[in-house]
Amino acid sequence: MAMPMESPISFTNVGKIKWWQRGIFASQTGYVLLALAVLLVIMHFASPYFFTEGNMQNVAKNFSFIAVATLGVTFVIITGGIDLSVGSMMCFSAMITSMVMTELSAPGSPAGSLFVHMAADGKTVLANVPGLILLISILAGLGVALIAGLVNGFCIAVLGLSPFVTTLGMLSIVRGLGYVVSNGRGSFPGGPDADYFYAATSGDVLGVPVPFIYLMILALAMAVVLHHSAFGRHVFALGGNEKAAELTGIPVVRVKIEVYVICALAAGLQGIIISGWLGSAPANMATSYELNVIAAAVIGGANLAGGIGGPLGAIVGCVLLEVIRNGLVLAQVSSYWQQTLVGVIIILAVLVDRIRSRMS
Amino acid sequence: MANADTTPVLELQGIGKEFGAIRALHGVDLQVQPGEVVGLMGDNGAGKSTLVKIIAGNFRPSHGEIRFAGSAVHFSRPVDARAVGIEVVYQDLALADNLTAAANVFLGRELKRKFGPIALLDHKAMAARALELFGELRSETRPDDLVKQMSGGQRQAVAIARTRLSNARLVMMDEPTAAISVRQVEQVLGLIHRLKEQGVAVMLISHRMPDVFAVCDRVIVMRRGEKRADKPIDQTSPEEVTALITGAKEAA
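Residues numbered from 1 in each chain as written. Chains lettered and ligands numbered in written order. Predicted model: local features only at pLDDT ≥ 70, side-chain atom pairs only at ≥ 80, totals over all residues.

Colleague: How do you make sense of the overall build of chain A when you look at a structure like this?
Modeller: For chain A, the count of helices and strands is 14 helices and 4 strands. Its C-alpha atoms give chain A a radius of gyration of 23 Å, near enough to 21 Å, the size a compact globule of 360 residues would have. With the principal axes as the frame, chain A shows a C-alpha extent of 85 × 60 × 40 Å. Taken across its 360 residues, chain A has 45% of its residues classed as buried. Pairs at least 24 residues apart make up 76% of the contacts formed inside chain A by residues separated by at least 6 positions. (Helix = DSSP H or I, 4+ residues; strand = E, 2+ residues; numbered from the N terminus. Rg over C-alpha atoms; globule rule 2.2 N^0.38 Å. Buried ≥ 20, exposed ≤ 12 C-beta atoms within 10 Å, placed from the backbone. Contact = placed C-beta atoms within 7 Å.)

Structural data, given as structure tokens:
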């Protein structure tokens, strides 16, 4: 259809929004980042040990231990949902990974004979293909997370159950299954590929902890997906106005299932990384971590009402929690104060955001 | 603009709809010409929204035939109606507040650029096209502003720009002026004029008599599931339409 071409619109009535009132500067993530910077400066003067290489590595490693799962849960929170099952999912994935690894590394068993053989000395177990056992066991761990994520997504998107109740149920189901498969004992990564496993989960590359590298790669990928792909746009639309998303023809059910699957996979990966650092996957691993993860996401600016959030916020939230924990230890404050302080910060972060949005 | 020799963009013949024992619509015939603005009026429960939902593809009619641009159509889902060129601007506008104007205009049909196997959003092209559409609607709306920072009139412009994107030939607007300020009502009526200028047929569902008389070429009054009146706006009066809506006057 031919349209009369108008001259470009002149904005006589509508002022341009000032740069400090838009984007990151007007977001909770922005001033939590600012608070974090201030905190880092204070820590530098409070303790000479804070900015040492060892302590920085420690901090980087520790916050990476919840940050990957926080990225995942941020996806869910942006759509306006919640996933309480991340803690249990970490444990179960880690447990399945190390159990599969142990099983495939036993030369006597039917599965093991395909993957390993005895060395000439009759004692050492050698892998037929180095690294294959590691790959299969990690895929198995992520596979169970995928299934649990699909079940979460199906119940929420197709059956219409509330995300809170569904994932609360899944928290219990997955934790219970962990106890069932392990008989409550937990499991240890073993066999010829165990060294690769430790290197891939808790090693360093040029002094940078591996989990931190994974985190940076995943966070970058998440930023691209959220802001430069149609899927990311639909995730935000779903959190902003679900009815509008449906009316404009967005495949709401599919997007919802996908975010719960992403969240479960992130939690599974996180669990596998943690078990590498712990050297085992005990049955009570990562209990109540879902609260830390959700707290980190919310402090970093993800809005539980949906529609707002991102990878930077997730990481900033995790770093803030870890710096506070680390700082309290260095300042020789009783570590029992930590939880109390974390609670205060959650409320403060949300409160400041409320005041700011009232003022503008 | 509505010449006698043009095919009507929308033609309904004997449309009826029953929900169980309830007869929501009965024997509705109507025609809408390209570039014509038709007001659809009626009290609550008169069958307006059922009629709109049938045209938009939410319901299938129990009886009768829908012809769009001369050929018979059967919609089983709203997407089917949108595919032939029927767009609905909903009362609550169906906008995602947390996204920009351009993102809302292109929601569900984003422009993408291929980078090998990956398709990424083409922000520039979307912003440029959105600015063009806002220009056509003469609305001072910046494509990169968030919808939550916008006035009611700007929001309407965003919702209407969305219908222009697909080159819709019939736009149905459900109570667009119900909950906005006087100045913004002016803007929305202006937007309807812009659509009309471009040959788009508009069906305006409204309770507000002054708005209907300000922009419509023709008014259709529904009562108790039947069409009671279908008159050019200059041959009727607000008083007559009110009488038709309430039933004080049976038909005209």
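Colleague: What's the story with the sheet that holds strand β2 (residues 22-32) of chain B in this structure? I'm lost.
Modeller: Remark on secondary structure: sheet strands pair via backbone hydrogen bonds, oriented parallel or antiparallel. Residues and elements named next belong to chain B. On the basis of which strands lie adjacent, the open sheet formed by 4 strands has the order β2-β1-β4-β5 and antiparallel pairing. Two strands close off the open sheet at either side, each with one partner strand: β2 and β5 (71-73). Between one strand axis and the next, the sheet turns by 30 degrees as a mean value, whatever way the strands run. Across 7 bridges, strand β1 (residues 10-19) lies against β2 in antiparallel orientation. Counted as the bridge partner of glutamate 18 is arginine 23 from β2. (Pairing = 2+ DSSP bridges. Axes fitted to C-alpha atoms, helices over the stretch in contact; angles between N-to-C directions.)

Colleague: When you look at the pairing of strand β7 (residues 112-115) of chain B in this model, what are you seeing that I'm missing?
Modeller: All names here are of chain B. Bridge count between β7 and strand β8 (residues 118-121): 4 bridges; the pairing is antiparallel. Counterpart to lysine 114 in the pairing with β8 is alanine 119. Once β7 ends, the chain turns through 2 residues before running back antiparallel as β8, passing glycine 116 with a positive phi of about 60 degrees.

Colleague: What is the right way to look at the interface of chain B and chain A in this model?
Modeller: In many reports, interface size means the accessible area that the parts give up when they come together. Taken together, the contact pairs 26 residues of chain B with 28 residues of chain A. Among the elements of the structure, β8 and α4 (123-136) of chain B are those that each provide at least two residues to the side of chain B that touches chain A. With 3 residues, the single largest contributor to the side of chain B that touches chain A is α4(B).

Colleague: Help me out: how do you make sense of unusual backbone geometry in this one?
Modeller: Among all residues save glycine, negative phi is the norm, and among peptide bonds the norm is trans. Although it is not a glycine, A:Gln332 adopts a positive phi angle of roughly 60 degrees. A tally of 8 C-beta atoms within 10 Å means that A:Gln332 is categorised as exposed. Look at B:Arg224: it is not a glycine, yet its phi comes out positive at around 50 degrees. Summarising the element assignment, B:Arg224 is placed in the loop between β11 (218-223) and β12 (226-232). Overall, B:Arg224 belongs to the partly exposed group, with 15 C-beta atoms counted inside 10 Å.

Colleague: What should I look at first to understand the sheet that holds strand β9 (residues 170-174) of chain B in this one?
Modeller: Residue and element names in this part refer to chain B. Taken in spatial order, the 6 strands line up as β6-β9-β10-β3-β11-β12 in an open sheet, and their pairing is mixed. At either margin of the open sheet sits one strand with a lone partner, and together these are β6 (86-89) and β12. Averaged over all neighbouring strand pairs, the angle between strand axes comes to 20 degrees, with direction disregarded. In this fold helix α1 (residues 48-55) packs onto β3 (37-42), β6, β9, β10 (201-205) and β11, with an angle of close to 145 degrees to the strand it touches most, β9.

Colleague: Please clarify how the environment of B:His207 should be interpreted in this entry.
Modeller: With respect to the helices and strands, the residue B:His207 is situated in the loop between β10 and α7 (209-215). Taking the C-beta count within 10 Å as the criterion, B:His207 has 15 such neighbours and is therefore assigned partly exposed.

Colleague: Would you mind going over the environment of A:Val144 with me for this structure?
Modeller: All names here are of chain A. Its location among the elements puts valine 144 in helix α5 (residues 132-158). A C-alpha to C-alpha distance of 6.5 Å links valine 144 and serine 93, two positions 51 residues apart in sequence. Aside from chain neighbours lying at most four places away, what touches valine 144 is Phe92, Ser93 and Ile96.

Colleague: Just checking my understanding: could you explain helix α8 (residues 238-246) of chain B for this structure?
Modeller: For the α-helix, the turn length of 3.6 residues means that residues three or four positions removed from each other point alike. All names here are of chain B. The set of residues buried in α8 consists of Val241, Leu244 and Ile245. The buried side chains of α8 occupy one side of the element, clustering within an arc of 100 degrees when seen end-on. In α8, those exposed residues whose orientation departs by more than 90 degrees from the buried face are Glu239 and Thr246. (Arc of directions from axis to C-beta.)

Colleague: I tried to follow the pairing of β6(B) on my own but got confused; where do I start?
Modeller: In regular strands, side chains alternate between the two faces of the sheet. Residue and element names in this part refer to chain B. Burial along β6 is two-sided: Ile86 and Val88 facing one way and Glu87 and Val89 facing the other are all buried. Where β6 and β9 come together, 4 bridges link them in parallel fashion. Looking at the pairing, valine 89 lines up with methionine 173 of β9.

Colleague: Would you explain helix α5 (residues 152-165) of chain B in this entry?
Modeller: Residues and elements named next belong to chain B. Under the 1.5 Å per step criterion, the end-to-end length of α5 is 20 Å for 14 residues, consistent within 8% with the ideal 20 Å. The buried fraction of α5 is high, at 12 of 14 residues. Within α5, the full set of buried residues consists of Gly153, Gln154, Arg155, Gln156, Ala157, Val158, Ala159, Ile160, Ala161, Arg162, Thr163 and Arg164. The secondary structure elements touched by the buried residues of α5 are β6, α3 (101-105), α4, β9 and α6 (182-197). (Expected span 1.5 Å × (residues − 1).)

It is worth stressing that arrangement in space is one thing and function is another; only the former is reported here.
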